[in-house]
Amino acid sequence: MLILGIETSCDETSIAVLERTHDHFVVRSHFLASQVKTHAKYGGVVPEVAARMHLEVILPGLRAALKQARISLPDVDVIAVTAGPGLITSLLVGVETARTLAWSLNKPLVAVNHLEGHLYANWLPEKNRKTFVPQQPFPALGLLVSGGHTELVLVRNHGQYRLIGQTRDDAAGEVFDKVGKLLGLGYPGGPFVSQLAKRGNPTAIRFPRPMLNSPNLDFSFAGLKTSVRYFLDRHIIQPGNKPDVAASFQAAAVDVLVHKTLRALKRHNVRTLILAGGVSANSELRSGLAAAVAKRHPGVAFLKPNLEYCTDNAAMIAAAGYFHALKKEFTDWKTLDADPDWELGKLRESS
Ligand code: KG4
Ligand code: ZN
């Protein structure tokens with residue numbers, strides 16, 4: 001089966017052709033046009049600019065993805081598109097493209113939740129390799145950490161989600177980005193903070209770990225962000241001290257994420273922990289979770305996405321689309337609509 005994936009929920013235009021052979025996926029092509037350099041000038045994503053840039057590259061991107069995969073449009077079996085959550089202006093470009101293709105080619109269409117897509121990044125192989133996903137990974141716990149979301153989700157089976165914890169204020173990625181800004185680093189801040197942190201001492205400054213000991217599975221990161229800001233206001237920071245600030249902040253954020261995930265694992269009997277979302281690229285989070293799970297829950301398999309599929313991409317959308325297609329969970333092109341607030345596990349507003 002050949003699945004065409006389309007992702008335009010924020011500031012990356014991505015088109016992928018994913019092939020499902022009898023037991024694994026092959027990414028036949030993966031086109032990705034990032035708008036990061038443009039939005040960096042404004043310090044954040046400008047929705048109108050994002051939509052215009054998606055429009056400019058989506059068709060050339062589609063052509064490039066088909067060419068690289070050595071297929072033509074009629075070869076596609078299923079079209080999978082991100083229908084939400086995200087920026088409405090951005091989402092619409094992908095959704096309208098997918099609807100038009102589904103109508104003109106008479107192909108089935110799958111509406112994929114962007115967060116669900118992130119989970120399925122774990123099913124994607126590294127170049128020229130098969131992925132390791134256990135035959136029966138469910139029930140699983142998902143830790144979704146992106147620029148807009150921080151959630152703990154129980155995954156009972158493909159497509160069956162229950163939210164059991166989430167941030168009460170800022171998302172983890174958002175806080176990494178704000179700390180990056182405070183430290184005068186590049187945009188988005190997450191990768192720069194984690195890079196800088198490699199040279200710093202994580203115990204140099206004791207930043208707070210909000211809600212670490214609260215009995216629920218929710219998160220809060222606003223207090224941590226504020227405390228980094230106060231620290232920077234109160235101290236004259238030499239460039240040589242910035243790595244310590246980055247490393248100490250990162251240690252606090254990772255500590256909270258690991259602790260809450262362990263608490264969820266203690267409460268819920270699962271076979272697998274699935275890390276997902278842009279922040280899953282963070283090496284401290286990856287190694288911290290791996291070590292904690294190996295020590296405290298050695299029977300639980302730990303999945304983390306390959307680095308190239310941690311942040312937004314269409315291959316993960318195609319992978320999620322495949323599992324819906326197996327169950328014939330298609331959406332009519334006539335009724336498909338973008339839903340910027342689509343919560344994982346809930347039926348779409350528009351459906
Ligand atoms: O999933 P994603 O690409 O977009 C959303 O759906 O939001 O996540 C982007 C977020 C940004 O906040 C970015 O700074 C963060 O993921 N991120 C990282 C790293 N790489 C990306 N945060 C921490 N460490 C990283 N290495
Ligand atoms: Zn994302």
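Preceding block: the structure.
Attention here is on the structure that accompanies the text. (Residues numbered from 1 in each chain as written. Chains lettered and ligands numbered in written order. Predicted model: local features only at pLDDT ≥ 70, side-chain atom pairs only at ≥ 80, totals over all residues. Heavy atoms only, no water.)

## So, the overall build of the protein
- A tally of helices and strands in the protein yields 10 helices and 10 strands.
- Against the compact-globule benchmark of 20 Å for 351 residues, the protein has a radius of gyration of 20 Å, which places it among compact chains.
- Its C-alpha atoms give the protein principal-axis dimensions of about 60 × 45 × 40 Å.
- Relative to its 351 residues, the protein shows a buried fraction of 54%.
- In the protein, the share of contacts with a sequence separation of at least 24, taken over all contacts with a separation of at least 6, comes to 74%. (Helix = DSSP H or I, 4+ residues; strand = E, 2+ residues; numbered from the N terminus. Rg over C-alpha atoms; globule rule 2.2 N^0.38 Å. Buried < 20%, exposed > 50% of the residue type's maximum accessible area, 1.4 Å probe, protein only. Contact = heavy atoms within 4.5 Å.)

## Considerations on the side chain of histidine 297
- Within the fold, histidine 297 resides in the loop between α9 (283-296) and β10 (301-303).
- The residues touching histidine 297, leaving out its near neighbours within four places in the chain, are Leu262, Leu265, Lys266 and Ala292.

## Remarks on the sheet that holds β10
- With respect to topology, 5 strands assemble into an open sheet ordered β8-β7-β6-β9-β10, the strand pairing being mixed. Strands at the two margins of the open sheet, each flanked by one partner only, are β8 (160-166) and β10. Pairwise comparison of adjacent strand axes, ignoring direction, gives a mean angle of 20° for this sheet.
- The pairing of strand β6 (residues 140-145) with strand β7 (residues 150-157) spans 6 bridges and is classified as antiparallel. Bridge pairing links alanine 140 to valine 155 in β7.
- Here helix α8 (residues 242-267) sits on the sheet and contacts β6, β7, β8 and β9 (272-276); the angle it forms with β6, its principal contact strand, is near 160°. (Pairing = 2+ DSSP bridges. Axes fitted to C-alpha atoms, helices over the stretch in contact; angles between N-to-C directions.)

## Details of the coordination of the zinc ion (ligand 2)
- Summarising the metal site, the zinc ion (ligand 2) is bound by the protein donors His114 (NE2), His118 (NE2) and Asp312 (OD), whose distances to it range over 2.0 to 2.1 Å.
- Read from N- to C-terminus, the donor residues coordinating the zinc ion (ligand 2) fall into the pattern H-x3-H-x193-D. Here the residue histidine 114 occupies a position in helix α4 (residues 114-120), and aspartate 312 occupies one in the loop between β10 and α10 (314-326), the gap between them amounting to 198 residues.
- Judged by relative accessible area, aspartate 312 falls into the buried class, the value being 15%. (Donors = N, O, S within 2.8 Å, 3.2 Å for Na, K, Ca; no water.)

## A look at the side chain of threonine 13
- Note on placement: threonine 13 falls in strand β2 (residues 12-20).
- For threonine 13, a relative accessible area of 0% corresponds to the buried category.
- A polar atom in the side chain of threonine 13 sits 2.8 Å from the side chain of histidine 54.
- Apart from the residues lying within four places of it in its own chain, the contact partners of threonine 13 are Glu7, Thr8, Phe31, Leu32, Ala33, Gln35, Met53, His54, Val57 and Ile58. (Polar contact = N/O pair within 3.5 Å; in protein donor to acceptor, adjacent residues only side chain to side chain.)

## A short note on the sheet that holds strand β1 (residues 2-7)
- With mixed pairing, the 5 strands of this open sheet are ordered in space as β3-β2-β1-β4-β5. Among the strands making up the open sheet, the edge pair consists of β3 (25-34) and β5 (109-113). Averaged over all adjacent pairs, the angle separating strand axes in this sheet is 20°, with direction ignored.
- Of the pairings in the sheet, the one linking β2 to β3 comprises 9 bridges and is antiparallel in character. Within β3, the residue paired with serine 14 across the bridge is leucine 32.
- Against the sheet, helix α3 (residues 88-105) engages β1, β4 (78-84) and β5, with an angle of about 155° to β4.

## Quick word on the pairing of β6
- In terms of residue burial, β6 counts as a mostly covered element, since 6 of its 6 residues are buried.
- Of the two faces of β6, the one holding Ala140, Gly142 and Leu144 and the one holding Leu141, Leu143 and Val145 are both buried throughout.
- In this antiparallel pair of consecutive strands, β6 and β7, the connection spans 4 residues.

## Some remarks on the pairing of β5
- Of all 5 residues that make up β5, 5 are buried, and the element is covered over most of its length.
- In β5, alternate side chains face the same way, and those of Leu109, Ala111 and Asn113 on one face and Val110 and Val112 on the other are all buried.
- In this sheet, β5 lies alongside β4 in parallel orientation, the contact comprising 5 bridges. When the sheet's bridge partners are listed, glycine 84 is paired in β5 with asparagine 113.
- What joins β4 to β5 is α3, and the crossover it makes is right-handed. (Right-handed = clockwise from strand over helix to strand, strands pointing away.)

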